[in-house]
Amino acid sequence: MKVHYIHQLPVKIELFKSIQESLSKKVDLTTTLNTNNFKYIAGVDIAYWLDEGIEWGICSIIIIDSVTLKVIEKAFSSGKVTVPYIPGYLAFRELPLIIETVKKLTIAPDLYMFDGNGYLHPLRMGIATHASFFVHKPTIGIAKSYFKVNDAYFEIPKNEVGAFENITIGNEVLGRALRSHKDVRPIFISCGNFIDLDTATEFTLSLINKDSRLPIPVRIADLETKRIRKLLIAKTE
DNA sequence: GCGACAG
DNA sequence: ATCTTGTCGC
């Protein structure tokens with residue numbers, strides 16, 4: 001049985017340096033919270049595969065125009081993944097490839113949507129929140145399944161499109177279970193950073209189509225990630 | 001010892 | 001996340 005120690009993860013130093021840099025910058029919230037400026041929305045996802053016992057990952061970021069809903073940019077990065085998946089520490093595993101991919105973007109997204117949680121997290125610091133310190137933009141977390149936080153409570157949302165229930169601990173709202181399709185399991189929305197939950201919900205719902213319960217940017221990033229993985233595996237063999 | 005566990 | 005065929009339904 002292999003034991004992993006978080007404090008020895010190779011990405012730790014880099015992560016904290018970036019957070020320090022980010023905190024010393026001034027973020028203009030009046031600009032970032034003006035939803036009229038949310039024109040370009042990015043979806044981020046990673047797919048994995050094993051090659052001779054070594055784990056590889058391919059990150060895909062796609063940007064859509066929130067008006068036309070068309071993809072206007074795609075960026076990819078692939079590489080070895082050395083950090084294991086540990087519930088609660090997803091960011092340490094996925095951020096290195098994500099950051100590498102963000103650097104390749106020629107268009108700056110106004111909002112990032114991540115596969116996973118933001119504030120809905122035991123330390124209120126899921127991947128969407130963690131990532132905001134690198135991208136310096138509003139971020140939200142979209143999780144396909146519920147990640148249990150101690151003492152958190154919520155009701156199952158009604159079976160209607162747009163129905164939601166807040167996930168709370170006392171008066172604190174961590175996120176919400178949102179029904180993006182009728183007769184389909186809800187998704188779990190939470191703030192990453194620089195955005196409020198109502199706005200996050202509004203944008204999520206506005207980017208849902210009949211193809212998926214996930215918003216378009218995350219959905220397309222997921223498809224792209226698997227398409228590229230197939231190409232990379234074929235190239236190796 | 002057993003179950004839970006974002007991706 | 002990943003391993004995987006058909007199948008039910010719109």
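Computed from a predicted model, the values in this text were never measured in an experiment. (Residues numbered from 1 in each chain as written. Chains lettered and ligands numbered in written order. Predicted model: local features only at pLDDT ≥ 70, side-chain atom pairs only at ≥ 80, totals over all residues. Heavy atoms only, no water.)

> Run through the protein's contact with DNA strand B, naming residues and quoting values.
Taken together, 19 residues lie around DNA strand B, and Tyr85, Gly88, Asn117, Lys144 and Ser145 are the ones closest in. Between DNA strand B and the protein, one listed contact pairs a base nitrogen with a backbone N or O atom of glycine 88 at 3.1 Å. Among the residues forming the surface near DNA strand B, the class breakdown is eight nonpolar, six polar and five charged. (Near = heavy atom within 4 Å. Polar contact = N/O pair within 3.5 Å; in protein donor to acceptor, adjacent residues only side chain to side chain. Nonpolar A, V, L, I, M, F, W, Y, C, P; charged D, E, K, R; others polar.)

> How would you sum up the protein's contact with DNA strand C? Please name residues and give values.
Around DNA strand C, a shell composed of Ala47, Tyr48, Lys144, Lys226 and Arg229 is seen. A distance of 3.0 Å separates a phosphate oxygen of DNA strand C from a polar atom in the side chain of lysine 144. At a separation of 2.2 Å, a phosphate oxygen of DNA strand C approaches a polar side-chain atom of arginine 229. Breaking the surface near DNA strand C down by element, the ones donating at least two residues are strand S1 (40-51) and helix H6 (216-236). (Helix = DSSP H or I, 4+ residues; strand = E, 2+ residues; numbered from the N terminus.)

> Outline the UniProt feature "site: Interaction with target DNA" (unreviewed entry) in chain A, supporting the account with residue identities and numerical values.
Mapped onto this structure's residue numbering, the UniProt feature "site: Interaction with target DNA" (unreviewed entry) falls at Tyr85. Mapped onto the fold, tyrosine 85 is located in the loop between strand S3 (71-80) and helix H3 (90-102). Contact partners of tyrosine 85, with chain neighbours within four places excluded, come to Leu90 and Arg93. (UniProt positions renumbered as here; feature names shortened; annotations may be inferred. Contact = heavy atoms within 4.5 Å.)

> Go over the nonpolar core with me, naming the residues and quoting the values.
Grouped together as the largest cluster of nonpolar side chains are 23 residues, with contacts concentrated most on Val44, Cys59, Ile61, Leu95, Ile98, Tyr112 and Phe114. Of all elements in the fold, only S1, strand S2 (54-65), H3, strand S4 (111-115) and helix H4 (127-135) reach the threshold of two or more residues within this core. Judged by nonpolar contacts, the second largest core, of 21 residues, contains Ile140, Leu178, Ile187 and Ala221. (Core = buried A, V, L, I, M, F, W, Y, C linked by side-chain atoms within 4.5 Å. Buried < 20%, exposed > 50% of the residue type's maximum accessible area, 1.4 Å probe, protein only.)

> Quick rundown of unusual backbone geometry? Include the residues and the values.
Excluding glycine, residues mostly have negative phi values, and the peptide bonds linking residues are mostly trans. A positive phi angle, near 50°, is found at glutamate 52, a position not held by glycine. Take glutamate 52: it is sitting in the loop between S1 and S2. On the basis of relative accessible area, glutamate 52 is assigned to the exposed category, the value being 77%.

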